[in-house]
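# Descriptive analysis of the structure
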Amino acid sequence: MVREGKPQAVNETETLIRAYFEAFNRHDAEALIATLVEDVVHDINEGPTEVGKEAFRRFKAHMDECYREQIKDLVVMVNGERGAVEFLCEGEYLKTDGNLPEATGQRYAIPAAFFEVRDGRIARVTSYYNLRNWIAAIS
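This is a predicted model, so every value here is computed, not measured.

### A few points about the packing of aromatic side chains
According to the stated counting rule, one finds 10 aromatic pairs in the structure shown. Their ring planes at 70° and their centres at 6.5 Å tell us that Y20 and F56 sit as a pair that is edge-to-face. With Y20 in helix α1 (residues 10-26) and F56 in helix α3 (residues 53-66), this residue pair connects regions lying 36 residues apart in the sequence. In terms of burial, Y20 and F56 fall into one category: buried. With centroids separated by 6.3 Å and ring planes inclined at 55°, the aromatic side chains of F56 and F59 adopt a geometry described as tilted. Here F56 and its partner F59 are both found in helix α3, three residues apart, which amounts to about one turn of the helix. Since its relative accessible area comes to 3%, F56 is described here as buried. Through a chain of ring-to-ring contacts, three or more aromatic side chains come together here, namely Y20, F21, F56, F59, F87 and F115.

Now the structure itself:
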């Protein structure tokens, strides 16, 4: 697939997506953000779309405050500059997040994302998971 610029080799896209999740699992927000383009588009699950590294940095800081998560059983599928992943997100609910149920350290494991790459960096992250299933897992 060719978008803006030259097509990217499948292995480069997969390597970049894996680097994103390796940084996620190390809880290294800056290494994770380094995989993103400046104007990254972030489609938040059951929420708004945000644009830019700074918006992503704020989102990640909020998530790290409320949740401690690890990605397990990661499968990466790529087609040129696009990638999809399937994984199990194991986590602990640390701090009550907005109008969600009260956090009491509940543990959860939920399946959950699509990626687009541009200029050797991630340009779009779209997260999909079932919020009702997550609420059921912590209730």
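### Comments concerning the pairing of strand β7 (residues 121-126)
In the sheet, strand β1 (residues 36-43) pairs with β7 via four bridges, with the strands oriented parallel. If you follow L36 over to β7, its bridge partner there is I122. Relative to β7, strand β6 (residues 114-118) runs antiparallel, the two sharing five bridges. Pairing of F114 across the sheet is with T126, part of β7. Connecting the antiparallel pair β6 and β7 is a turn made up of two residues, with D119 showing a positive phi of about 55°.

### So, the pattern of salt bridges
Oppositely charged side chains are able to pair whenever their charged atoms sit close together. The full count for this structure, using the stated rule, is 13 salt bridges. R68 is the salt-bridge partner of E92, the closest N and O atoms lying 3.0 Å from each other. Of this pair, E92 sits in strand β4 (residues 82-93) while R68 sits in strand β3 (residues 67-79), and the two are 24 residues apart along the sequence. We classify E92 as buried; its relative accessible area is 15%. For the salt bridge of E90 with K72, the shortest nitrogen-to-oxygen distance reads 4.0 Å. Taken as a pair, E90 in strand β4 and K72 in strand β3 lie far apart in primary sequence, 18 residues in all. In this structure E90 comes out as partly exposed when scored by relative accessible area, which is 33%. Overlapping salt bridges, with partners in common, bring together E30, E54 and R57 in one network.

### Notes on the state of the cysteines
Per the stated rule, a full pass over the model turns up zero disulfides. Of all cysteine sulfurs, the one in C89 lies closest to C66, which takes part in no disulfide; the gap is 14 Å. Assessed through its relative accessible area of 2%, C66 is described here as buried.

Criteria and cut-off values
- Residue numbers restart at each chain and count upward from 1, following the sequence in its written direction.
- Given that the model is predicted, a residue must reach a pLDDT of at least 70 before its local features are reported, and side-chain atom pairs must reach 80 or more before they are shown or counted; all residues, however, enter totals for whole chains, interfaces and linings.
- For side-chain calculations, the full set of non-hydrogen atoms in the structure is used, while hydrogens and water are omitted.
- Between rings of Phe, Tyr and Trp, where Trp is taken as its six-membered ring, a pair exists when centres lie within 6.5 Å; planes separated by under 30 degrees are stacked, by over 60 edge-to-face, and by other angles tilted.
- In this description a helix means any DSSP run of H or I spanning at least four residues, a strand means any run of E spanning at least two, and both kinds are numbered starting from the N terminus.
- Relative accessibility thresholds used throughout: buried, under 20% of the residue-type maximum; exposed, over 50%; partly exposed, between the two (1.4 Å probe, protein chains only).
- In this scheme, strands are said to pair when DSSP sees at least two bridges between them.
- Between Lys or Arg on one side and Asp or Glu on the other, a salt bridge is scored when a side-chain nitrogen of the former is within 4 Å of a carboxyl oxygen of the latter.
- Here, a disulfide means two cysteine sulfur atoms that sit within 2.5 Å of each other.

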